Amino acid sequence: MGRRYFGTDGVRGKVGSAPITPDFVLRLGYAAGKVLAGAAATSGSRPSVLIGKDTRISGYMLEASLEAGLSAAGIDVMLAGPMTTPGIAYLTRALRLSAGVVISASHNPFYDNGIKFFSADGNKLPDEVERQIEEQLDLPLDCAPSEQLGRARRLDDAGGRYIEFCKSTFPQAYNLRGLKLVVDCANGAAYDIAPHVFHELGADVIPIGVSPNGFNINDGVGATAPDALVRAVRANQADLGIALDGDADRLQVVDAQGRLFNGDELLYVLVKDRMATDGKVEGAVGTLMTNLAVEQAIERLGVKFVRAAVGDRYVLEQLREHGWLLGAEGSGHILSLDRHTTGDGIVSALLVLAAMKRSGHSLAELLDGVTLFPQKLINVRIAQGADWKANGAIQQSVADAEAQLNGKGRVLIRASGTEPVLRVMVEAREQHDAVHYAEAIAATVKRAIA
């Protein structure tokens, strides 16, 4: 049975519209608490849950609702305040808590928000546990007896703990002295964390996107709007620029020449670095969107490559299934499972910097010989639940494009797991072909179901 509320990255939507309403989030907290309490009962321990959030104005309201629901279920609550998604994953595991919850809509605009959960081991909740929470949502909201209600307290040193963890993933033999970095925090959860990490490792840090006001998260800054980083790198004559998204699980990198490196390219760099240091990489995981040139380059290294469905949870599933460590999405979700249980933009940036230090080469030099195939991605907003797969006009448009490309490119259409958008992507050897066929298909989608 499919999940009704949980998508590829928790429960997400526009604030004030179902399901992101204070009453639903209170019920969600209670339902999650009941499931966690049931699991804790078998171990004899009282469950505790850590809540973190990004910088959206709605975070205050949703935090209070979650706290009330969890407390009513008899769950103790720790409040981290603004904290990155991977930071909550780490702290949940490090503090031996029952679960972690992040209030964030990641790269979405401020008027969206969401709730995502991490299990005690710092991993996203298994589908089965999410199903149990949804089943509990169907039951009446209740309240534990007064003597069993949960307590809440602030975790005052959350930021400091996480900063130290991030620094620990950078090799002890190296530092960042002499490196000028622009760090773009997207006015999001990492605004008071990421600059400290790179500064304490020795870099000269120019921070941007570090003035959140509740409304400007991801607004013209961050990993989803890298032009601001490109301009700042050039204006400050920096060596490198690092851009995170609103909850800091994505990474984009810009070099001194203004070249942008996405998650596909950074995955290749990390695979190559791991081979140079450890001698062997069995395989790596990308997604259906991974650029074909990167797949071919990784395979030329003698490393197996597997494509997962789009979404870091699916990359993670493939990594676990094969027993591999490295995977990524082009959007900047990068997984290195011997460093962290989930994608972490700050840790990924440190891994890239370590690869540059070890090799003595720039990113452009590390990617010498890897020329990306041109891709054109167009997002088309569609009605919630629109059945695009059954639409004959859309299917015919895709078939026509594939016939014209004749094996010299590929077409991928998929629905976003986080917003009512159909993503149309065409990859071809020639830029004009990618643009032409993507625009043609997108126009068909708009006429048919937008």
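You'll find the structure just up there.
Caption draft 1: Local environment of helix α7 (residues 227–235). Of the positions making up α7, those classed as buried are Ala228, Leu229, Val230, Ala232 and Val233. Where α7 is buried, its residues contact β7 (180–184), β8 (204–208), β9 (240–244) and β10 (251–255). One or two steps after α7, the chain reaches Gln237, where phi turns positive at roughly 50°.

Caption draft 2: A look at the environment of Ile57. Looking at the secondary structure, you find Ile57 in the loop between β2 (48–53) and α2 (59–72). Here Ile57 falls in the partly exposed class, since its relative accessible area comes to 41%. Expressed as a C-alpha distance, the spacing of Ile57 and Asn213, which sit 156 residues apart in the sequence, is 7.7 Å. Apart from residues no more than four positions distant in its own chain, Ile57 is found in contact with Phe110, Gly214 and Phe215.

Caption draft 3: Fine view of the packing of aromatic side chains. In this structure the tally under the stated criterion is six aromatic pairs. Ring plane angle 15° and centroid distance 4.2 Å describe the contact between Tyr90 and Phe165, whose orientation is recorded as stacked. Here Tyr90 is found in helix α3 (residues 85–94), whereas its partner Phe165 is found in helix α5 (residues 158–168), with 75 residues between them in sequence. Of the residues examined, Phe165 reaches a relative accessible area of 10% and is grouped as buried. Both rings, one in Tyr162 and one in Phe165, keep their centres 6.3 Å apart while their planes meet at 25°; by these two values the pair is stacked. Here Phe165 and Tyr162 lie together in helix α5, a separation of three residues that amounts to about one turn. Look at Tyr162 and you get buried, because its relative accessible area is 0%. Of the aromatic side chains, those joined through ring pairs into one cluster are Tyr90, Tyr162 and Phe165. When the ring centre of Tyr111 is taken as reference, the NZ or CZ atom of Lys14 above it lies at 5.8 Å. Sitting over the ring of Tyr60, Lys53 keeps its end group 4.0 Å from the ring centre.

Caption draft 4: Representation of the pattern of salt bridges in the model. Under the criterion given, the structure shown has 24 salt bridges. As a salt-bridge pair, Asp9 and Arg12 come within 3.1 Å of each other at their nearest N and O atoms. For the pair formed by Asp9 and Arg12, the shared burial category is buried. Asp273 is the salt-bridge partner of Arg358, the closest N and O atoms lying 2.8 Å from each other. Note that Arg358 is positioned in helix α11 (residues 345–359) and Asp273 in helix α8 (residues 263–278), a separation of 85 residues in sequence. Judged by relative accessible area, which is 31%, Arg358 ranks as partly exposed.

Caption draft 5: Summary view of the side chain of Glu427. Topologically, Glu427 is positioned in strand β18 (residues 421–428). Here Asn291 takes part through its side chain, which lies 3.4 Å from a polar atom of the side chain of Glu427. A polar atom in the side chain of Glu427 sits 2.5 Å from the side chain of Gln375. What Glu427 contacts, discounting residues up to four positions off in sequence, is Thr290, Asn291, Leu292, Phe373, Pro374, Gln375, Leu405, Lys408, Gly409 and Arg410.

Caption draft 6: Spotlight on unusual backbone geometry. Cis rather than trans, the peptide bond between Ala18 and Pro19 has omega equal to 5°. Tracing the chain through its elements places Pro19 in the loop between β1 (11–14) and α1 (22–41). Positive phi is not limited to glycine here, since Arg96 has a value of about 55°. Its location among the elements puts Arg96 in the loop between α3 and β4 (99–103). Residue Arg96 is classed as exposed on the basis of its relative accessible area of 71%. The phi torsion at Asn218 lies on the positive side, around 65°, for a residue other than glycine. Mapped onto the secondary structure, Asn218 falls in the loop between β8 and α7.

Caption draft 7: Structural view of the sheet that holds strand β13 (residues 304–308). On the basis of which strands lie adjacent, the open sheet formed by four strands has the order β13-β12-β14-β15 and mixed pairing. Because the sheet does not close on itself, it has two edges, and the strands there are β13 and β15 (334–336). When strand polarity is set aside, the average angle formed by the axes of neighbouring strands in this sheet is 15°. Bridge count between strand β12 (residues 283–287) and β13: five bridges; the pairing is parallel. In the strand pairing of β13, Ala284 is matched with Phe305. Along the sheet, α8 contacts β12, β13, β14 (326–328) and β15; its crossing angle with β14, the most-contacted strand, is approximately 170°.

Caption draft 8: Seen up close, the environment of Val411. Looking at where Val411 falls in the secondary structure, it is placed in strand β17 (residues 409–415). Distance from Val411 to Met425, taken between C-alpha atoms, is 5.9 Å for residues 14 residues apart in sequence.

Caption draft 9: Quick look at the sheet that holds strand β16 (residues 375–381). The antiparallel open sheet is built from three strands, whose spatial order is β16-β18-β17. The open sheet terminates on both sides in strands that have one partner only, identified here as β16 and β17. On average, each strand axis in the sheet is inclined to that of its neighbour by 10°, with strand direction left out of account. Alignment of β16 against β18, held across seven bridges, turns out to be antiparallel. Counterpart to Lys376 in the pairing with β18 is Val426. Running at roughly 155° to β18, helix α14 (residues 431–448) makes contact with β16, β17 and β18 of the sheet.

Caption draft 10: Examining the side chain of Thr290 more closely. Relative to the elements of secondary structure, Thr290 occurs in the loop between β12 and α9 (292–300). A polar atom in the side chain of Thr290 sits 2.7 Å from the backbone nitrogen of Thr287. Once residues lying within four places of it in the same chain are set aside, the contact partners of Thr290 are Asp264, Phe305, Arg307, Ala328, Gln375, Arg410 and Glu427.

The rules we used
- Residues numbered from 1 in each chain as written.
- Predicted model: local features only at pLDDT ≥ 70, side-chain atom pairs only at ≥ 80, totals over all residues.
- Heavy atoms only, no water.
- Buried < 20%, exposed > 50% of the residue type's maximum accessible area, 1.4 Å probe, protein only.
- Helix = DSSP H or I, 4+ residues; strand = E, 2+ residues; numbered from the N terminus.
- Contact = heavy atoms within 4.5 Å.
- Phe/Tyr/Trp six-rings, centres within 6.5 Å; stacked < 30°, edge-to-face > 60°.
- Lys NZ or Arg CZ within 6 Å of the ring centre and 35° of its normal.
- Salt bridge = Lys/Arg side-chain N within 4 Å of Asp/Glu carboxyl O.
- Polar contact = N/O pair within 3.5 Å; in protein donor to acceptor, adjacent residues only side chain to side chain.
- Pairing = 2+ DSSP bridges.
- Axes fitted to C-alpha atoms, helices over the stretch in contact; angles between N-to-C directions.

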